[in-house]
Amino acid sequence: MISIKTFDEAEELQNPRRVLKYVLIFCTSGEVTVSVDESEYILIPNTVLTITSGQIHYFTNNKFAQGYVLEFTYNFFCKDDTDMELIFHNGLFCHFAMNEIILVDNNQIVIDQLEEITKELIEEPYQYLISVHSRIELILVEINRTKIKRGDEIYKPDALFLHFLETVLRNFDKNLSVAEIADLIGTTESKLNELSKLHCDKTAQNIIFGLIISEAKRLFNYEKLSVKEVAYTLGFNDPFYFSNFFKKHTNISPKAYKEHLLI
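These figures come from a predicted structure and were not determined experimentally.

*Asks:* It is not clear to me how the overall build of the protein should be interpreted in this structure. Could you clarify?
*Replies:* Regarding its fold elements, the protein presents 11 helices and 6 strands. At 19 Å, the protein has a C-alpha radius of gyration in line with the 18 Å of a compact globule built from 263 residues. Taking all 263 residues of the protein together, 49% fall into the buried category. Pairs at least 24 apart in sequence give 72% of the contacts found in the protein among residues at least 6 apart. Accessible surface, the protein: about 13,000 Å² in total, of which carbon and sulfur atoms supply 51%.

*Asks:* Quick question: what am I supposed to make of the pattern of salt bridges here?
*Replies:* Pairing between side chains of opposite charge can happen when the charged atoms of each approach one another. Under the criterion given, the structure shown has 18 salt bridges. The residue Arg150 makes a salt bridge to Asp152 at a minimum N-O spacing of 3.0 Å. Residue classification places Arg150 among the partly exposed residues on the basis of a relative accessible area of 40%. Lys191 serves as the salt-bridge partner of Glu194, at 3.5 Å between the closest nitrogen and oxygen. Taken as a pair, Glu194 and Lys191 lie in helix H7 (residues 189-200) at a separation of 3 residues, close to a single helical turn. Among the ionic contacts, a cluster of salt bridges with common partners joins Arg18, Asp37, Glu215, Arg218 and Glu223.

Conventions used here
Residues numbered from 1 in each chain as written. Predicted model: local features only at pLDDT ≥ 70, side-chain atom pairs only at ≥ 80, totals over all residues. Heavy atoms only, no water. Helix = DSSP H or I, 4+ residues; strand = E, 2+ residues; numbered from the N terminus. Rg over C-alpha atoms; globule rule 2.2 N^0.38 Å. Buried < 20%, exposed > 50% of the residue type's maximum accessible area, 1.4 Å probe, protein only. Contact = heavy atoms within 4.5 Å. Areas by Shrake-Rupley, 256 points an atom, 1.4 Å probe, with all protein chains shown as cover. Salt bridge = Lys/Arg side-chain N within 4 Å of Asp/Glu carboxyl O.

Structural data, given as structure tokens:
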């Protein structure tokens, strides 16, 4: 549900891994390179990196770095629409692989809250989970303030649109249509297309296609699955159809993509 570790304690980050949690990595000293999907990010003191649920990540080059790795599940943090909008505000924990290094202005606020979260989870005082939730909110607000101060455009996605994205990510194996997803989250196909156009200038179906392609690349990259295995994992009954789908959206066949990874 929620955990916090120092860099030294986070031994699992020495190898590629993926978790269905939101991961916040904050560097307090030294320098560490973090691989996320197909990109690398270098954290220096007082920088933070947010990683969305399902992304492959690990440390590739730790130069005596110290810091914290905070992880929490969607169900722990998102109690209502306000929480959901905060977690994705200004692209934090973005579903579209828009990870970035953020140098936090008031780093002591973040450090203090991470230390208090560590203490709360160890001691488990009365209503400690409520306290931890509030402290994560403070951290995210401070990160957002930094982004706005440096001139970033305010981006506040609609909670319903975020429900849509989460439902896609949690149901890759079912290969759900836009209409089926709309039914699951209590809205209409028309409304999902309206929100998708507003936030991404794409149709809801094209957003689904993009998320499927990103997931396929992760499966090829780190789980070393065959084309057939990836096709079935993503809900395609016909591997040949999946191969055509992948090539249409990437301009490269799955076989050629896998061969490129070996170079």
